[in-house]
Amino acid sequence: MNDFRPLTLHVPEPAVRPGGTPDFSNVRIPKAGAVPRPEVGANPEDIRDLAFSIIRVLNRAGEAVGPWAGLLNDEELVEGMRNMMMLRTFDARMLIAQRQGKTSFYMQHLGEEAISCAFRKALSPGDMNFPTYRQAGLLIASGYPMVDMMCQVYSNSRDPLKGRQLPVMYSSKEHGFFTISGNLATQYVQAVGWAMASAIRNDTKIAAAWIGDGSTAESDFHAALVFASTYKAPVVLNIVNNQWAISTFQGIARGGAGTFAARGLGFGIPSLRVDGNDYLAVYAVARWAAERARRNLGPTLIEYVTYRAGAHSTSDDPSAYRPKTESDAWPLGDPIIRLKNHLIIRGVWSEERHKQAEAEILDTVIAAQKEAESYGTLHAGGKPSARDMFEGVYAEMPPHLRRQRQQAGV
Ligand SMILES: Cc1ncc(C[n+]2csc(CCOP(=O)(O)OP(=O)(O)O)c2C)c(N)n1
Ligand SMILES: [Mg+2]
């Protein structure tokens, strides 16, 4: 006799679906300043709690508080503000450009601007990011020309990647931004490999890996953690938990672990969770992790808790799978508004100055867009030459490609 009931699978469901009332009561948010800041050389066993909390610096009043505060001066914070505003404005213009048919595709960062903009400032020249499509702030914060980004999005005659990559998949070795691969989680194995190579060469450069919540379900993520952990590779392992992987909520990839940061603990990797909408907290944690890597103390895993306020991409319609008001209900607020409030309290910003900065930044972005469009857009004006697709892959072109190029007459 079998007294067991039939087996069933557990299939997690998001708390709310379209038409329902958004509910983030499951997101436990500690007070700003409440999480301790250990020494970078702390024993990973002693700091396991950091994988289950959220490091925050900016409180509700806009003040910077606690042990992770105090690392950035007025000038650096204003620069961070401008970079985030620049990224948001760039996104807005490129989204319209996609609707106008000037590009086939675009992906926004709305709500996630603090992560890539602040993280970039914790790196040094020569370090290498292995980003996904949602970290363009790494380029903006490192001074990469916006015109070049737009030319890539338009696949025009000045596209640095010559039309060979999907729009938004930029690449710049000089700016520490490794060519984006559309195959998610490859960033993790590549970053760890690059970091190991840096150590093998006895160099001082470190790498940063990037992944979204959903993509941590890929086996590349786990394989990368094995290598990073065993060889103590000089790498920062970033997980951007924006609550959604297109239409799949984060509960599916997270499984029973409680948090994404907790994934690192089984590998003995120090793992921190941070408020991804708090520019100061992101910078502080990124700097802590970068210092660990640089001092040869090994990898750090960071989970940024944030919310994807926009659609996944221009091919997505989130109203089909989540309440329209969910973004407004997100309890960690908007990164630009939070830094703005902080700058006002510091006495280096005002509502008026903010409006003025918005107008200036819009002018700058529109001027860049005009210039980029003078080199062509998807269906009008200059295009990369068909000859370009044969270049840049092999040092010496193999005979079959030479034949194809001749057949194409380019
Ligand atoms: C290996 C792989 N599988 C599937 C896809 C298709 N895909 C593109 S984006 C995406 C969702 C990724 O979600 P997440 O990792 O949370 O990143 P986010 O888009 O939220 O930044 C999927 C499944 C892909 N690009 N690569
Ligand atoms: Mg996601």
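Being a predicted model, the structure only gives us computed values, none of them experimental.

**Student:** How should I be thinking about the environment of D159 in this particular structure?
**Tutor:** Along the polypeptide, D159 turns up in the loop between α4 (146-154) and α5 (186-200). With residues up to four places along the chain from it excluded, the contact list for D159 reads C151 and Q152.

**Student:** Can you help me understand helix α2 (residues 113-120) in this one?
**Tutor:** Three or four residues apart is the spacing at which side chains of an α-helix point the same way, because the helix has 3.6 residues per turn. Of all 8 residues in α2, 8 are buried, a share of seventy percent or more. Regarding α2, the residues found buried are E113, A114, I115, S116, C117, A118, F119 and R120.

**Student:** Help me out: how do you make sense of the environment of L161 in this one?
**Tutor:** Relative to the helices and strands, L161 is located in the loop between α4 and α5. C-alpha separation for the pair L161 and N242, spaced 81 residues apart in sequence, amounts to 28 Å. Other than its neighbours up to four places away in sequence, L161 contacts Q152, M169, Y170 and S171.

**Student:** Before we go on, may I ask you to explain the pairing of strand β2 (residues 207-212) in this structure?
**Tutor:** Within a regular beta strand, the side chains point alternately toward one face of the sheet and then the other, so they alternate between its two faces. Counted residue by residue, β2 has 5 buried out of 6 residues, so it is predominantly covered. Bridging between strand β1 (residues 128-130) and β2 involves 3 bridges; their strand directions are parallel. Along β2, the bridge assignment pairs N129 with A208. Note: β2 against strand β3 (residues 235-241), 6 bridges, orientation parallel. Across the sheet, residue A207 finds its bridge partner in β3, namely V235. Read as a crossover between parallel neighbours, the route from β2 over helix α6 (residues 219-231) to β3 is right-handed.

**Student:** Which parts of the structure should I look at to understand the side chain of N83?
**Tutor:** Structurally, N83 can be placed in helix α1 (residues 74-99). A residue is classified by how much of its surface remains accessible, and N83, at 9% relative accessible area, is buried. In contact with N83, other than residues within four places in its own chain, are C117, K121, I140 and A141.

**Student:** For this particular structure, what's the right way to read the site of ligand 1?
**Tutor:** Lining the immediate environment of ligand 1, one finds 15 residues, of which Y133, R134, G182, D213 and S215 sit closest. Between R134 and ligand 1, the recorded distance is 2.8 Å, taken from a side-chain N or O atom to an oxygen atom. Backbone polar atom of W244 to an oxygen atom of ligand 1: 2.8 Å apart, as the coordinates give it. Relative to its unbound accessible surface of 580 Å², ligand 1 loses 71% to contact with the protein. When the residues that make up the shell around ligand 1 are grouped by side-chain class, the tally is 5 nonpolar, 7 polar and 3 charged.

**Student:** Help me understand the coordination of the magnesium ion (ligand 2) in this model?
**Tutor:** Any two of four tetrahedral donors ideally make an angle of 109.5 degrees at the metal, while pairs among six octahedral donors ideally make 90 or 180 degrees. Of the protein atoms, only D213 (OD), N242 (OD1) and W244 (O) coordinate the magnesium ion (ligand 2), at distances of 2.1 to 2.7 Å. Between the donor residues of the magnesium ion (ligand 2), the gaps in sequence give the motif D-x28-N-x1-W. The pair formed by N242 and W244 is uniform in burial state, with each residue classed as buried.

**Student:** Help me understand the packing of α5 against α6 in this model?
**Tutor:** To characterise two packed helices, one gives the angle between the axes of the helices and the distance between these axes. Following both chains from N to C, one finds α5 and α6 inclined at 20°, their axes separated by 7 Å at the closest point. The angle between α5 and α6 falls in the class roughly parallel. Crossing geometry of α5 relative to α6 is assigned as left-handed. Two secondary-structure elements touch here, α5 through T186, Y188, V189, V192 and M196 and α6 through D220, F221, A223, A224, L225, F227, A228 and Y231. Grouping the constituent residues of the contact of α5 with α6 by class yields 11 nonpolar, 1 polar and 1 charged.

**Student:** When you look at the sheet that holds β3 in this model, what are you seeing that I'm missing?
**Tutor:** The pairing of strands in a sheet comes from backbone hydrogen bonds and takes either a parallel or an antiparallel form. Ordered by their spatial adjacency, 5 strands build an open sheet running β1-β2-β3-β7-β6, and the pairing between neighbours is parallel. Of all strands in the sheet, those with a lone pairing partner are β1 and β6 (271-275), marking the two edges. The sheet shows a mean angle of 20° between the axes of neighbouring strands, taken without regard to direction. When β3 meets strand β7 (residues 300-305), the two strands line up parallel, connected through 6 bridges. Bridge pairing in β7 links V236 to T300.

Reading the values: the criteria
- Residues numbered from 1 in each chain as written.
- Chains lettered and ligands numbered in written order.
- Predicted model: local features only at pLDDT ≥ 70, side-chain atom pairs only at ≥ 80, totals over all residues.
- Heavy atoms only, no water.
- Helix = DSSP H or I, 4+ residues; strand = E, 2+ residues; numbered from the N terminus.
- Contact = heavy atoms within 4.5 Å.
- Buried < 20%, exposed > 50% of the residue type's maximum accessible area, 1.4 Å probe, protein only.
- Pairing = 2+ DSSP bridges.
- Right-handed = clockwise from strand over helix to strand, strands pointing away.
- Near = heavy atom within 4 Å.
- Polar contact = N/O pair within 3.5 Å; in protein donor to acceptor, adjacent residues only side chain to side chain.
- Areas by Shrake-Rupley, 256 points an atom, 1.4 Å probe, with all protein chains shown as cover.
- Nonpolar A, V, L, I, M, F, W, Y, C, P; charged D, E, K, R; others polar.
- Donors = N, O, S within 2.8 Å, 3.2 Å for Na, K, Ca; no water.
- Axes fitted to C-alpha atoms, helices over the stretch in contact; angles between N-to-C directions.
- Parallel < 35°, antiparallel > 145°, perpendicular 65-115°, else oblique.
- Left-handed = near helix turned anticlockwise from the far one by under 90°.

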